[in-house]
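# A structural walkthrough
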Amino acid sequence: MPIGVDGKDCFEGKSIKGVQIPETVCVIEAGAFRNCNKLETVVFKDEKVSVNIGNSAFKGCTNLKKINLSVTPEIGLSASESCTFLKSLDVKAGTKNIGQYCFAYCESLTSLTIRDDKAKFNGITTFQGCNLSKLIVYCELDS
């Protein structure tokens, strides 16, 4: 039975360097990894499993370099805000809502791939504080 990362703010501020999300997880709650300043990588074990990412789930993970997303129908408000080392992100098909401030202040973000023509960015603040002159957005054919 699918489960969520156990509770709101459950790992907030912990000294975690890497996380592998098992295929049994279907929700990463709000603030689950917020301010984990040593966190560098987040890998979803099965990229085909649908996982909702809550508000501020990875906000303030200043050393986060890579998120290997699974199918994420919902990426919450400020989900990866202020992940200053995050360079690229691949948003899989099946992602429908990308919350306000989701990638705000991701100053190193230079590559974003969108794989769903129904993906909706909620507000102009999604990329606030990013260097848009260096950001390349890739879209799959027909998206």
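As shown above, the structure is provided for reference.
Residues numbered from 1 in each chain as written. Predicted model: local features only at pLDDT ≥ 70, side-chain atom pairs only at ≥ 80, totals over all residues. Heavy atoms only, no water.

### Comments concerning the pattern of salt bridges
Where charged atoms of side chains with opposite charge meet at close range, the side chains can pair. By the definition in use, this model includes 9 salt bridges. We note a salt bridge from Lys-65 to Glu-40, for which the minimum N-O separation is 4.0 Å. With a gap of 25 residues between them, Lys-65 in the loop between strand 5 (52-53) and strand 6 (66-68) and Glu-40 in the loop between strand 3 (25-28) and strand 4 (41-44) connect regions that are remote in the sequence. We note a salt bridge from Glu-47 to Lys-92, for which the minimum N-O separation is 3.3 Å. Residue Glu-47 is located in the loop between strand 4 and strand 5, and its partner Lys-92 is located in the loop between strand 8 (88-91) and strand 9 (97-98); the two are separated by 45 residues in the primary sequence. (Salt bridge = Lys/Arg side-chain N within 4 Å of Asp/Glu carboxyl O. Helix = DSSP H or I, 4+ residues; strand = E, 2+ residues; numbered from the N terminus.)

### Brief notes about the nonpolar core
Formed by 36 residues in total, the largest nonpolar core has its most connected members in Ile-28, Phe-33, Leu-39, Phe-44, Phe-58 and Phe-103. With near-sequence residues (within four places) excluded, Phe-103 lies in contact with Ser-80, Leu-89, Ile-98, Leu-109, Leu-112, Phe-121, Thr-126, Phe-127 and Cys-130. (Core = buried A, V, L, I, M, F, W, Y, C linked by side-chain atoms within 4.5 Å. Buried < 20%, exposed > 50% of the residue type's maximum accessible area, 1.4 Å probe, protein only. Contact = heavy atoms within 4.5 Å.)

### Structural notes on the environment of Leu-112
One can find Leu-112 in strand 10 (residues 111-114). Look at Leu-112 and you get buried, because its relative accessible area is 0%. Residues Leu-112 and Ser-88, spaced 24 residues apart in sequence, show a C-alpha to C-alpha distance of 5.7 Å. In this structure Leu-112 touches Leu-89, Val-91, Phe-103, Phe-121, Phe-127, Leu-135, Ile-136, Val-137 and Tyr-138, once residues within four positions along its chain are discounted.

### Looking at the state of the cysteines
Within the structure shown, the criterion is met by 0 disulfides. No disulfide involves Cys-102; its sulfur sits 7.8 Å from that of Cys-106, the nearest cysteine. Since its relative accessible area comes to 0%, Cys-102 is described here as buried. Of the cysteine sulfurs around Cys-130, a residue in no disulfide, the closest is that of Cys-106, at 5.4 Å. Given the relative accessible area of 13%, Cys-130 is considered buried. (Disulfide = S-S within 2.5 Å.)

### A closer look at the packing of aromatic side chains
Applying the stated rule across the entire model yields 4 aromatic pairs. Between the aromatic rings of Phe-11 and Phe-33, the centroid separation amounts to 5.2 Å while the plane-to-plane angle is 10 degrees, which identifies the pairing as stacked. In this pair, Phe-11 is assigned in the loop between strand 1 (3-5) and strand 2 (18-21) and Phe-33 in the loop between strand 3 and strand 4, connecting sequence segments 22 residues apart. Between Phe-33 and Phe-58, the aromatic rings sit 5.4 Å apart at their centres with planes inclined by 5 degrees, giving stacked as the arrangement. Of this pair, Phe-33 sits in the loop between strand 3 and strand 4 while Phe-58 sits in the loop between strand 5 and strand 6, and the two are 25 residues apart along the sequence. With respect to burial, Phe-33 and Phe-58 carry one shared label: buried. Ring pairing ties together the aromatic residues Phe-11, Phe-33 and Phe-58, which thus form one cluster. (Phe/Tyr/Trp six-rings, centres within 6.5 Å; stacked < 30°, edge-to-face > 60°.)

### Digging into the side chain of Lys-92
By relative accessible area, which is 13% here, Lys-92 ends up buried. A distance of 3.4 Å separates a polar side-chain atom of Lys-92 from the backbone oxygen of Leu-69. Leave out the neighbours within four places in its chain, and Lys-92 touches Glu-47, Asn-68, Leu-69, Ser-70, Val-71, Arg-115 and Asp-116. (Polar contact = N/O pair within 3.5 Å; in protein donor to acceptor, adjacent residues only side chain to side chain.)

### As for the side chain of Ser-111
With respect to the helices and strands, the residue Ser-111 is situated in strand 10. You can call Ser-111 buried: its relative accessible area is 18%. In this view, Ser-111 contacts Lys-87, Ser-88, Leu-89, Leu-135, Ile-136 and Tyr-138; residues no more than four positions away in its chain are not counted.

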